[in-house]
Amino acid sequence: MNTERRSSSRPSVAILSRGDAVARREATSKTGRFADVFAALDAIGVEAQSAIYDESFADAVRGQLLGVDGVLVWVNPIQDGRNRAGLDALLRDVAAQGVWVSAHPDVILKMGTKDVLYHTRAMGWGSDTALYQTAEAMRAGLPARLAAGPRVIKRSRGNGGQGVWKVEQLKTSPMVKVLDATKEASEELTLDGFMRRCAEYFETGSVIDQAFQPRLHEGVVRCYMAGDRCAGFGHHKVKALVESPAARSEAGPRLYTSNADPRFQRLRLMMEDEWTPQLISLLDIARGDLPAIWDADFMLGPVQPDGSDSYVLGEINVSSVHPYPKEAPAEIARRVADRLRLKT
């Protein structure tokens, strides 16, 4: 495959997602999950092409990426039993040769793992949060925190609720009650038994310990960001870590809305004017390296004295943000155009 940059005056980007050889052969800009992004890029004069990735044909993908100006990546950290180790090495390689990569693997490591909850705990979105680098540190620190109330344990890298637990010390027993975010029913275990379930998390990362938010049953607000600008919102009531059958029965799909939704303008202002600038300062990320699309999930915290809601960060998603509000592709396209102009 020719790896020379195109001679066209239009900048070019690849939209990369995981798939097999058939998907790579048949992918077009008119089909698939990202047809709206292809259309938005075309509308602003950016050529876009599909780049289906699998480890079995990584060299072909690498050659393709070396022929474009930038690449937008949508690949989960864990998918079908595979991680991103090989892909991240490939992306670092092409980025080192001048291709703009969003999100760059180094940026994902800074803001797209659960560790960000610990590193930003002093910000306005923060909460009582601990970071355990080893099983021994978790065994030493968790009991005292459980004595103060329920905790949420999260492995540093994962998606779809994998490795997320609500843990509560039982009042009349030395046992703990644990609820897997991917399950409906809780169970009782010894603390050592729960620790053994978490042991594998330390093989590839760390563990975050965060205070459980009692208003979780009221729903989660997802703020979508394109670079440092809000690209819309999503809101839904969740089942994960919610134990009340009545509250679980109210759970439903995420409802998407634009960045002009009046319910979330206070959150938008805090994200754009306060929290995102603080985030990039704390994590040492250049503003121009913020992902073209990312999101922050917020639980409702304590009600403020003026009656307004506070927001507690639950996670930041960077690796594969999809679906998103219908207005987001245009915001992504503007972000791409701005960033590629910086390259020229």
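Just so we're clear, the structure is a prediction, and the values are computed from it rather than from any experiment.

### As for the overall build of the protein
Helix and strand counts for the protein come out as twelve helices and 17 strands. The C-alpha atoms of the protein give a radius of gyration of 21 Å, which matches the 20 Å a tight globule of 344 residues would have. Based on the C-alpha atoms only, the size of the protein along its principal axes is roughly 70 × 45 × 35 Å. A buried classification covers 52% of the 344 residues belonging to the protein. For the protein, the share of sequence-separated contacts (at least 6 apart) that also reach a separation of at least 24 residues comes to 68%.

### Here's the deal with the pairing of strand 8 (residues 151-155)
Buried residues dominate strand 8, accounting for five of its five residues. Side chains Arg151, Ile153 and Arg155 of strand 8 all project onto a buried face; the interleaved residues Val152 and Lys154 project onto the opposite face, where all are buried too. Two elements, strand 8 and strand 9 (residues 164-169), share four bridges in a ladder whose sense is antiparallel. The partner of Arg151 across the bridge, within strand 9, is Val167. Sheet topology places strand 8 next to strand 12 (residues 207-211); five bridges connect them, and they run antiparallel. Paired with Arg155 across the strands is Val207, a residue of strand 12.

### Describing the pattern of salt bridges
According to the stated counting rule, one finds 30 salt bridges in the structure shown. When the shortest N-O distance is used, the salt bridge between Arg10 and Asp42 registers 3.2 Å. Remark: Asp42 occurs in helix 2 (residues 35-43) and Arg10 occurs in the segment before strand 1 (12-18); sequence separation between them is 32 residues. One salt bridge in this structure joins Asp54 and Arg82, with 2.6 Å as the shortest N-O distance. Here Asp54 is found in the loop between strand 2 (47-53) and helix 3 (58-65), whereas its partner Arg82 is found in strand 5 (residues 82-83), with 28 residues between them in sequence. Under the relative-accessibility criterion, Asp54 is labelled buried at 12%.

### Quick look at the packing of aromatic side chains
Applying the stated criterion across every chain yields a total of eight aromatic pairs. Taken together, the ring pairs connect Trp125, Trp275, Phe298 and Tyr311 into an aromatic cluster. Across from the ring centre of Tyr118, 3.9 Å away, lies the NZ or CZ of Arg121, which sits over that ring.

### Quick word on the packing of helix 7 (residues 135-148) against helix 8 (residues 191-198)
Two numbers describe how helix 7 lies on helix 8: the axes approach to 11 Å, and their chain directions differ by 135°. For the element pair helix 7 / helix 8, the angle class is oblique. The chirality of how helix 7 crosses helix 8 is right-handed. Mapping the contact onto sequence places Ala135, Met138, Arg139, Leu142, Pro143 and Leu146 in helix 7 and Leu191, Asp192, Phe194, Met195 and Cys198 in helix 8. Class assignment of the residues belonging to the contact of helix 7 with helix 8 gives a composition of nine nonpolar, no polar and two charged.

### A closer look at the sheet that holds strand 10 (residues 176-180)
What the six strands build is an open sheet, ordered 7-12-8-9-10-11; its pairing is antiparallel. In the strand order of this sheet, the two ends are held by strand 7 (129-132) and strand 11 (187-189), each with one partner. Within this sheet the neighbouring strands show an average axis-to-axis angle of 30°, counted without direction. Of the strands in this sheet, strand 7, strand 8, strand 9, strand 10 and strand 12 are in contact with helix 7, which crosses strand 7 at around 160°. Contacting strand 8, strand 9, strand 10 and strand 11, helix 8 runs over the sheet at an angle of about 100° to strand 11.

### Section: the nonpolar core
Side chains that are nonpolar tend, in soluble globular proteins, to be buried together. Within the largest apolar cluster, 33 residues are counted, with the highest numbers of intra-cluster contacts made by Met111, Leu267, Met271, Phe298 and Ile316. Among the elements that make up this core, the one with the highest residue count is helix 11 (residues 265-283) (seven residues). Beyond its immediate sequence surroundings of up to four residues, Ile316 is in contact with Met111, Gly112, Val116, Trp125, Leu279, Trp294, Asp295 and Ala296. Counting residues in hydrophobic clusters, the runner-up holds 23 residues, among them Ile15, Phe34, Ala231 and Tyr324.

### Examining the sheet that holds strand 17 (residues 309-317)
Taking strand neighbours across the sheet as the criterion, the five strands line up as 15-14-13-16-17 in an open arrangement whose pairing is antiparallel. Each end of this open sheet is capped by a strand with a single partner; those strands are strand 15 (255-257) and strand 17. The mean angle between the axes of side-by-side strands here comes to 30°, regardless of whether they run parallel or antiparallel. The strands touched by helix 11 within the sheet are strand 13 (220-226), strand 14 (229-236), strand 16 (294-303) and strand 17, with strand 16 carrying the most contacts at an inclination of about 115°.

### Notes on the pairing of strand 16
Burial within strand 16 is extensive, with eight of its ten residues counted as buried. In terms of strand pairing, strand 13 meets strand 16 through six bridges, oriented antiparallel. Across the sheet, the residue bridging to Tyr224 is Asp295, located in strand 16. Bridge count for strand 16 against strand 17 is seven bridges, and the pairing is antiparallel.

### Regarding the confidence of the model for the protein
Interpreting fine coordinate detail is not advised for predicted regions of low pLDDT. Residues of the protein with pLDDT of at least 70 account for 97%, and the chain-wide mean is 93. Segment residues 1-7 is flagged for pLDDT under 50; beyond a separation of four residues in sequence, or across chains, it makes 20 contacts in the model.

The rules behind the values
- Going along each chain's sequence as written, the residues are numbered from 1 onward.
- It should be noted that, the model being predicted, local features are given only for residues of pLDDT at least 70 and side-chain atom pairs only at 80 or more, the latter also being counted only at that level, while totals for whole chains, interfaces and linings use all residues.
- Only hydrogens and water are set aside when side-chain values are computed; all heavy atoms of the structure are taken into account.
- A run of DSSP states H or I qualifies as a helix once it reaches four residues; a run of E qualifies as a strand once it reaches two. Both are numbered from the N-terminal end.
- Throughout, radius of gyration means the C-alpha value; the globule benchmark is 2.2 Å times the number of residues raised to the power 0.38.
- Burial classification: accessible surface area is computed with a 1.4 Å probe over protein chains only, and a residue below 20% of its type maximum counts as buried, one above 50% as exposed, and the rest as partly exposed.
- For this analysis, residues touch if any pair of their heavy atoms sits within 4.5 Å.
- In short, DSSP must find at least two bridges between two strands for them to pair.
- Each reported salt bridge corresponds to a side-chain nitrogen of Lys or Arg within 4 Å of a carboxyl oxygen of Asp or Glu.
- Each Phe, Tyr or Trp ring, with Trp reduced to its six-membered ring, pairs with another whose centre is within 6.5 Å; inter-plane angles below 30 degrees give stacked pairs, above 60 give edge-to-face pairs, and intermediate values give tilted ones.
- Over a ring means this: the NZ of a Lys or the CZ of an Arg is within 6 Å of the ring centre and within 35 degrees of the ring normal.
- Whenever a helix is involved, its axis is fitted only over the stretch in contact; in every case the axis is a line through C-alpha atoms, and angles between N-to-C directions fall within 0 to 180 degrees.
- Orientation labels follow simple angle bins: below 35 degrees gives roughly parallel, above 145 gives roughly antiparallel, 65 to 115 gives roughly perpendicular, and whatever is left gives oblique.
- Should the near helix be turned anticlockwise from the far one by less than a right angle, the crossing is termed left-handed; should it be turned clockwise, right-handed.
- Residue classes follow a fixed rule: Ala, Val, Leu, Ile, Met, Phe, Trp, Tyr, Cys and Pro count as nonpolar, while Asp, Glu, Lys and Arg count as charged, and any other residue, Gly among them, counts as polar.
- Residue types Ala, Val, Leu, Ile, Met, Phe, Trp, Tyr and Cys, when buried and joined through side-chain atoms within 4.5 Å, form a set referred to as a nonpolar core.
- What pLDDT conveys is the predictor's confidence in a given residue, as a value from 0 to 100.

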